[in-house]
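The chain contents come next:
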Amino acid sequence: MNKIYYLASCDTCRKIIKSLPKDHDLVFHDIKQNPITVEELEKMRELSGSYEALFSKKAQLYKSMDLKNKSLTETDFKNYILEHYTFLSRPVFIIDDKIYIGNSQQNMLQVMNKLVASNL
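Sequence order as written defines residue numbering, which begins from 1 separately in each chain. Reporting in this predicted model follows two pLDDT cut-offs: at least 70 for local features of residues, and 80 or more for side-chain atom pairs to be given and counted; totals over whole chains, interfaces and linings ignore these cut-offs and use all residues. Just so you know, side-chain values use all the structure's heavy atoms and leave hydrogens and water out.

**Student:** So what exactly am I meant to see when it comes to the nonpolar core here?
**Tutor:** Proteins that are soluble and globular tend to have nonpolar side chains buried together. What we call a nonpolar core is a set of buried Ala, Val, Leu, Ile, Met, Phe, Trp, Tyr and Cys residues that are connected through their side-chain atoms within 4.5 Å. Exposure is judged per residue with a 1.4 Å probe applied to protein chains only, and the accessible area is read against the type maximum: over 50% gives exposed, under 20% gives buried, and values in between give partly exposed. The biggest cluster of nonpolar side chains holds 35 residues, and the ones touching the most others in it are Met-44, Leu-88 and Phe-93. Think of it this way: any DSSP run of H or I at least four residues long counts as a helix, any run of E at least two long counts as a strand, and we number them from the N terminus. When residues of this core are traced back to their parent elements, those giving at least two are strand E1 (3-6), helix H1 (11-19), helix H2 (38-48), helix H4 (74-83), strand E3 (92-95), strand E4 (98-101) and helix H5 (105-118). The contact criterion used throughout is that any non-hydrogen atoms of two residues lie within 4.5 Å. Discounting chain neighbours no more than four positions away, the residues touching Met-44 are Tyr-5, Ile-36, Leu-54, Leu-88, Val-92, Ile-94 and Ile-99.

Okay, here's the thing in structure tokens:
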């Protein structure tokens, strides 16, 4: 199952969703309305290689909690992501068991190419 984990209130996520090819087969998962489960996060970590790769250091809470001055472990990254949705770098796409994390231009180009190719 191909999936996008996103935040409905995020302007960047909304812009990305609007730009997706029409005939995609993505399941949409709003992480605020439906928090990610331990199992879903484990699957993401398995695909990405670490919890830190999934962790957003741009989150307001990251700054307000002064986490950049703390030495965070993989367990810390996991717990923060599970504790509050803003710590998940967004959007996260899982397409054909490959993960795409964040909204970089290169990442989004790969996602679009993958979605178009899967519709051919």
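**Student:** Which parts of the structure should I look at to understand the state of the cysteines?
**Tutor:** By definition, a disulfide is the covalent link that joins the sulfur atoms of two cysteine residues. Note on terminology: pairs of cysteine sulfur atoms within 2.5 Å are recorded as disulfides. The full count for this structure, using the stated rule, is zero disulfides. The thiol of Cys-10 is not disulfide-bonded; the next cysteine sulfur, from Cys-13, is found 3.6 Å away. Given a relative accessible area of 16%, Cys-10 falls into the buried group.

**Student:** Could you clarify how one ought to interpret the packing of aromatic side chains in this entry?
**Tutor:** Ring pairs (aromatic) are described by centroid distance and by the angle formed between their planes. The rule is short: rings of Phe, Tyr and Trp, with Trp giving its six-membered ring, pair when the centres are within 6.5 Å, and they are stacked under 30 degrees, edge-to-face over 60, tilted in between. Tallied over the full model, the rule gives six aromatic pairs. The interplanar angle of 50° and the centroid separation of 5.3 Å between the aromatic rings of Tyr-80 and Phe-87 together place this pair among those described as tilted. Comparing Tyr-80 with Phe-87, the two get one shared label, buried.

**Student:** Would you explain H5 in this entry?
**Tutor:** It helps to recall that an α-helix has 3.6 residues per turn; residues three or four apart then point in one direction. What a helix is expected to span follows from its residue count: subtract one and scale by 1.5 Å. With 14 residues, H5 should reach 20 Å at 1.5 Å per residue; the first-to-last C-alpha distance of 20 Å fits that figure. Residues Asn-107, Met-108, Val-111, Met-112 and Leu-115 constitute the buried set of H5. In an axial view of H5, the angular spread of the buried residues amounts to 135°, which keeps them on one side of the axis. Facing away from the buried side of H5, by more than 90 degrees, are the exposed residues Gln-105, Gln-106 and Leu-109. Close packing links the buried residues of H5 with H1, E3 and E4. The arc refers to the directions leading from the helix axis to the C-beta atoms.

**Student:** Honestly, the sheet that holds E1 in this entry has me stumped. Any pointers?
**Tutor:** Neighbouring strands of a sheet are bound in pairs by backbone hydrogen bonds; such pairs are parallel or else antiparallel. Only when DSSP finds a minimum of two bridges between them are two strands counted as paired. Within the open sheet, the four strands sit side by side as E2-E1-E3-E4. Their pairing is mixed. Each having just a single partner strand, strand E2 (27-30) and E4 make up the two edges of the open sheet. For this sheet, the mean inter-axis angle between neighbouring strands, taken without regard to orientation, is 15°. Relative to E2, E1 is paired through four bridges, and the arrangement is parallel. Pairing of Ile-4 across the sheet is with Phe-28, part of E2. Note on geometry: axes are lines fitted to C-alpha atoms, helical ones only across the stretch in contact, with angles between N-to-C directions running from 0 to 180 degrees.

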